[in-house]
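Listed below, chain by chain, are the residues.
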Amino acid sequence: MIRLNCKNVDEMVIGKENGLNIAEEFSAYKETIAQIISDLNKRKDKPGQWLQWMNLGYNEETIWYVKEFASQVKGKFENILVLGIGGSALGGIAVTEALLKPYWNLLSKEQRNGMPRIFFLDNIDPDTITGLLSILDLKKTLVNVITKSGSTAETMSQFMIVKDLLEKELGDDYRKNVVATTDKKTGILRQIAEQEGYKTFVVPDDVGGRFSVFSAVGLLPFALVGLDIDDIINGIKDMDLALKNTDINENIAAQNALIHYLMDTKKGKNLSVMMPYSSRLKYVSDWYVQLWAESLGKNKDNNGNDVHIGPTPIKALGATDQHSQIQLYNEGPNDKIINFIRVANFDNNLEIPGIFEYTGIGYLGGKSINQLINAEADSTRVALSDYNRPTITITLDKVDGYNVAQLLYMLEVQTAIAGELYNINTFNQPGVEQAKNYTYALMGRAGYEESAQVLQGKMTAV
Ligand code: PA5
């Protein structure tokens, strides 16, 4: 199981002004936390609660269909092209980057054990889209278009471009190269898929985009590139079981949620840095940033009061960002809590040859890069403590499906518990809608004429 060490947020380590009395706080919030955990578990099966993501590890049917489809198309495609944005892309990127061999798309077919390359288009930059489409052989590409709503402008505009090209190259047969992941009944993509006869997978009801990584949204791309789905599912299930424990002393998601909440509300530390010391986990930070920001940044609480709350998530990468952000974290405003992710055992042990005897670098010879990266994590953490800055350390035994799934699921539960502590709706995102509506107005979507007029008045020439 992954482990969480919160010693370095304690006032014994970083002083009373910045630290918490962890034992006292855990005891003060014992009942509240127990209530939140049992309440989430009671509410999770009720429609409209947006808690179905807590059941995804047990969705045998989806798991079976995903594996079955992946085995049917095995060997037929050289590339998987995922079209999606936000919650429909970030989990897929985080997990494939973590679990596939590094530089996967540059490996030969043999080195990939015959499995396809994978590309995610999660933005609408005309140059990168053109660039990618100019190198992909679309005939040998399976396109997985993912959108829960079925009408997201970024995803659907990409799909319109790709479908047009596919059809020009393959004629009616193009349908075999498309698989759509969307709502089971509603949305334009569902209508198109039914008319055109695409293979489809479902984004289940009551699973929001940012909590959808373990639905077909993530599982299908994972299976298509040969990741071990059972390993991932076992990780979620074991973590789910562990996080059903209502005792805060035994529940790492509750501990980290409470620590972040108290650091924000009592100690003014409303920035949450996610800093894995592993390049393979780099995109877990991007996924976390969306999860934390969209879930907890809200202007109203559950009683309708104006609150404008939400800790700001920041992504960082160890050791790289020691040479970029750590100066600020050590000496700048003491307004952050830093989450280190540490890997105990890397897949490879890489020795540094003792080829130079200069005093400044000779000591590195005979050590390993593995020792170096973890020594840097430890020394940065201790240095931050010397500056009275709070840090959390999450340790994974290794970067594999079981541990990465545990990490993501733990962070999801942590977010849900934090939302309850803040007394806000963790699962909506009304703040995203205004700009979306303005985009529809600017692009001439029917029904948005009034917004277009408002915009005319507000926009200044660029
Ligand atoms: O978390 C969310 O709900 C969002 O980030 C969505 O995933 C994102 O806006 C994409 O939406 P859709 O899947 O409907 O295209």
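Definitions and limits used
- Residues numbered from 1 in each chain as written.
- Predicted model: local features only at pLDDT ≥ 70, side-chain atom pairs only at ≥ 80, totals over all residues.
- Heavy atoms only, no water.
- Pairing = 2+ DSSP bridges.
- Helix = DSSP H or I, 4+ residues; strand = E, 2+ residues; numbered from the N terminus.
- Axes fitted to C-alpha atoms, helices over the stretch in contact; angles between N-to-C directions.
- Contact = heavy atoms within 4.5 Å.
- Near = heavy atom within 4 Å.
- Polar contact = N/O pair within 3.5 Å; in protein donor to acceptor, adjacent residues only side chain to side chain.
- 1 Å grid on protein atoms, 1.4 Å probe; cavity = no way out; pocket = protein on both sides within 12 Å on 5 of 7 lines; lining within 4 Å.
- Sits in = over half its atoms within 2 Å of the grid points.
- Points joined across faces, edges and corners; volume = space filled by probe spheres on them.
- Nonpolar A, V, L, I, M, F, W, Y, C, P; charged D, E, K, R; others polar.
- Domains from an automatic or database assignment.
- Patch = residues over 30% accessible without salt bridge, like charges linked within 9 Å, V, L, I, M, F, W, Y side chains within 5 Å.
- Areas by Shrake-Rupley, 256 points an atom, 1.4 Å probe, with all protein chains shown as cover.
- Salt bridge = Lys/Arg side-chain N within 4 Å of Asp/Glu carboxyl O.
- Parallel < 35°, antiparallel > 145°, perpendicular 65-115°, else oblique.

A. Structural context of the sheet that holds strand 6 (residues 199-202). Spatially, the five strands line up as an open sheet ordered 3-2-4-5-6, and their pairing is parallel. Two strands close off the open sheet at either side, each with one partner strand: strand 3 (117-121) and strand 6. In this sheet, neighbouring strand axes are inclined to one another by 20 degrees on average, regardless of whether the strands run parallel or antiparallel. As defined by bridge partners, strand 4 (residues 141-146) adjoins strand 5 (residues 178-182) across four bridges and the pair is classed as parallel. What sits directly across from Val-145, in strand 5, is Ala-180. Across the sheet, helix 8 (residues 188-196) is in contact with strand 4, strand 5 and strand 6; its angle to strand 5 comes to roughly 145 degrees.

B. Region of the structure containing the site of the ligand. Looking at the ligand, there are 13 residues lining it, with Ser-88, Thr-147, Ser-149, Thr-152 and Gln-290 nearest. One of the backbone nitrogen or oxygen atoms of Arg-210 is found 2.9 Å away from an oxygen atom of the ligand. Cavity membership is defined here by more than half of the atoms lying within 2 Å of grid points; on that basis the ligand lies in the second largest pocket.

C. Inspection of the layout of surface pockets at higher detail. What the largest pocket holds in volume is close to 1600 Å³. Of all the secondary structure elements, the ones that give two or more residues to the lining of the largest pocket are helix 5 (90-99), strand 3, helix 6 (126-135), helix 10 (229-243), helix 12 (282-296) and helix 15 (369-386). Each residue belonging to the lining of the largest pocket can be placed in one class, and the counts come to 24 nonpolar, twelve polar and 14 charged. Formed jointly, the lining of the largest pocket draws a minimum of three residues from each of two domains, domain 1 (3-42 + 233-422) and domain 2 (52-231). If you trace the second largest pocket, you find 40 residues lining it, with Ser-149, Thr-152, Ala-153, Glu-154 and Lys-436 closest to the centre. Breaking the lining of the second largest pocket down by element, the ones donating at least two residues are helix 7 (153-170), helix 8, helix 12 and helix 17 (433-442).

D. Fine view of a nonpolar patch on the surface. A cluster of nonpolar side chains, Ile-355, Phe-356, Tyr-358 and Ile-361, forms an exposed patch at the surface whose accessible area comes to about 460 Å². Among the secondary structure elements, Ile-361 is positioned in helix 14 (residues 359-362).

E. Expanded view of the packing of helix 17 against helix 18 (residues 449-458). Where helix 17 contacts helix 18, the axes come no closer than 8 Å and their chain directions differ by 95 degrees. The pairing of helix 17 with helix 18 is recorded here as roughly perpendicular in orientation. Residue-level contacts link Tyr-438, Ala-441 and Leu-442 of helix 17 to Ser-451, Ala-452, Val-454, Leu-455 and Lys-458 of helix 18. Within the contact of helix 17 with helix 18, the residues separate by chemical class into six nonpolar, one polar and one charged.

That's the geometry; what it means functionally is another story.
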